[in-house]
Every structure is written in C-alpha cells, then in structure tokens.
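Okay, here's what each chain looks like letter by letter:
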Amino acid sequence: MEQKKWNEELGRIVRFGITGSLSTLIHYGVYLLTLLWFSPTIAYTLGYGVSFCVNYVLTTLFTFKKRPSSKNAAGFAASHVLNYLLEIGILNAFLYYGMEKRLAGILVIIVVVPVNFLILRFVFVRKQ
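A brief look at the structure comes next. Just so it is clear, the model here is predicted, and its values are computed rather than measured.

1. A closer look at the pattern of salt bridges
Scanning the model with the defined rule gives 1 salt bridge in all. One salt bridge connects R102 with E100, and the closest N-O pair in it is separated by 2.9 Å. Under the relative-accessibility criterion, R102 is labelled partly exposed at 48%.

Next up, the structure:
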C-alpha cells in the first residue's frame, strides 16, 4: 500500500477510535442509567438508539469526512441493524451463561468494534 493511502487509512482508524469511544461512552452510560428501570435488553436498546444518532453524525462528518446523504444514512442504518442484532445476541448469550449484566454490556461493545469498523468502511469507502 502506498504511503499516502496508508496514512489516509490510519487517520480513518484513529478517527473511528475517537468517534467509537465517544459513542460507546454514551451507549454504556445510557445502558447503566436505564438498567435502574428496565431489563438489560431494553436498557441496551435504549443506549444503542441514543448513541446511534450521535454516531451517524460523527462517523459521516468526522471519521469518513463525507456529507450526510440518504445513501450513506441507509448504509449506516443497515450496518447498524446487523450490528445491533449481533450485539443483542452476544449480550443475551453472556447473560444466559451467568455474566453480570453491567460487565456483559461493556464486553459486547468491545467484541463488536472491529466488525463495526469493517462494515462502516465498506459503506463509506468505495473503490473509485
């Protein structure tokens, strides 16, 4: 890979990390807060929904430096439907096997980060 493309990809990965960290903090914060009133699945879903909105704006404008469009919004939403189903499946598997619900919530997020980057990279970066 030529140096310019490598630097561009490295920049994307760093920006993805920043965006993902902020979105994850929002997601996990809402999850912990709503666990006081709701089941883990509902709390996780509420956290996911709140962070989804922030994540789309940051991913589009900051991580991939694109303009919001119906096409990338649809791709982002589709990738997050898949991501959400994966996360809820893993969360419920962790809970089924007895993992503490606060720990399960954060471990799910850690497990799916690389998968999410690859899916979003496909949505926002296309070969010219």
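2. Quick look at the packing of helix α1 (residues 3–34) against helix α2 (residues 40–63)
In the contact formed by α1 and α2, the axes pass within 8 Å of each other and the chain directions differ by 155 degrees. Our classification of the angle between α1 and α2 gives roughly antiparallel. With respect to the hand of their crossing, α1 and α2 are arranged in right-handed fashion. A per-class count over the contact of α1 with α2 returns 15 nonpolar, 9 polar and 2 charged.

Criteria and thresholds
Residues numbered from 1 in each chain as written. Predicted model: local features only at pLDDT ≥ 70, side-chain atom pairs only at ≥ 80, totals over all residues. Heavy atoms only, no water. Salt bridge = Lys/Arg side-chain N within 4 Å of Asp/Glu carboxyl O. Buried < 20%, exposed > 50% of the residue type's maximum accessible area, 1.4 Å probe, protein only. Axes fitted to C-alpha atoms, helices over the stretch in contact; angles between N-to-C directions. Helix = DSSP H or I, 4+ residues; strand = E, 2+ residues; numbered from the N terminus. Parallel < 35°, antiparallel > 145°, perpendicular 65-115°, else oblique. Left-handed = near helix turned anticlockwise from the far one by under 90°. Nonpolar A, V, L, I, M, F, W, Y, C, P; charged D, E, K, R; others polar.

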